[in-house]
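Single-letter residue listing:
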Amino acid sequence: MCFLVATVKKHNLRRIRFHSLRLSCPGLLHANGVSIKEIQEWLGHSHCSTTANIYAHLDSSSKIIEIALDC
């Protein structure tokens, strides 16, 4: 049994797709003050604009696109 499935069962958590973790992590990082440049490097995107374009919808109140264009 994979680690994620075992952990979800052990702690009686709602099942989610592993890919959902990749989608939510950048949004949580950004919401907690991590820069788009740092998130871009951590995810392995070659450009800040790639990161901003993919994850901009996660925090519509921020100016994530404008920040990314300054990277």
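First, a word on what this report is: a plain description of the structure on this page. (Residues numbered from 1 in each chain as written. Predicted model: local features only at pLDDT ≥ 70, side-chain atom pairs only at ≥ 80, totals over all residues. Heavy atoms only, no water.)

Some words on the overall build of the protein chain
Counting its secondary structure elements, the protein chain contains five helices and zero strands. The helix and strand sequence of the protein chain, counted from the amino end, reads α-α-α-α-α. Out of the 71 residues belonging to the protein chain, those deemed buried represent 21%. Summing over all exposed atoms, the protein chain offers an accessible surface of approximately 5400 Å²; the carbon and sulfur share of this is 58%. (Helix = DSSP H or I, 4+ residues; strand = E, 2+ residues; numbered from the N terminus. Buried < 20%, exposed > 50% of the residue type's maximum accessible area, 1.4 Å probe, protein only. Areas by Shrake-Rupley, 256 points an atom, 1.4 Å probe, with all protein chains shown as cover.)

Comments concerning the packing of helix α2 (residues 18-31) against helix α3 (residues 36-43)
Between α2 and α3, the shortest axis-to-axis distance is 10 Å and the interhelical angle comes to 155°. Judged by the angle between their axes, α2 and α3 are roughly antiparallel. Between α2 and α3 lies a crossing of right-handed hand. Here R22, C25, P26, L29 and H30 of α2 lie close against α3, whose contacting residues are I36, I39, W42 and L43. Looking at the contact of α2 with α3 residue by residue, the class counts come to seven nonpolar, one polar and one charged. (Axes fitted to C-alpha atoms, helices over the stretch in contact; angles between N-to-C directions. Parallel < 35°, antiparallel > 145°, perpendicular 65-115°, else oblique. Left-handed = near helix turned anticlockwise from the far one by under 90°. Contact = heavy atoms within 4.5 Å. Nonpolar A, V, L, I, M, F, W, Y, C, P; charged D, E, K, R; others polar.)

Concerning a nonpolar patch on the surface
A cluster of nonpolar side chains, contributed by I16, F18 and L21, occupies part of the molecular surface with about 280 Å² of accessible area. For I16, the position within the fold is in the loop between α1 (3-10) and α2. Residue classification places I16 among the partly exposed positions, given a relative accessible area of 34%. (Patch = residues over 30% accessible without salt bridge, like charges linked within 9 Å, V, L, I, M, F, W, Y side chains within 5 Å. Salt bridge = Lys/Arg side-chain N within 4 Å of Asp/Glu carboxyl O.)

Let's talk about α2
For α2, built from 14 residues, the straight-helix expectation of 20 Å at 1.5 Å per residue is met to within 8% by its first-to-last C-alpha distance of 21 Å. Directly after α2, the chain includes G33, whose backbone phi takes a positive value near 95°. (Expected span 1.5 Å × (residues − 1).)

Section: the packing of α3 against helix α4 (residues 48-55)
Running from amino to carboxyl end, α3 crosses α4 at an angle of 95°, the nearest separation of the two axes being 9 Å. Classed by the angle they form, the pair α3 and α4 counts as roughly perpendicular. Counting all contacts with α3, which are made through I36, K37, I39, Q40 and L43, the residues of α4 involved are C48, T51 and Y55. Residue composition of the contact of α3 with α4, by class: five nonpolar, two polar and one charged.

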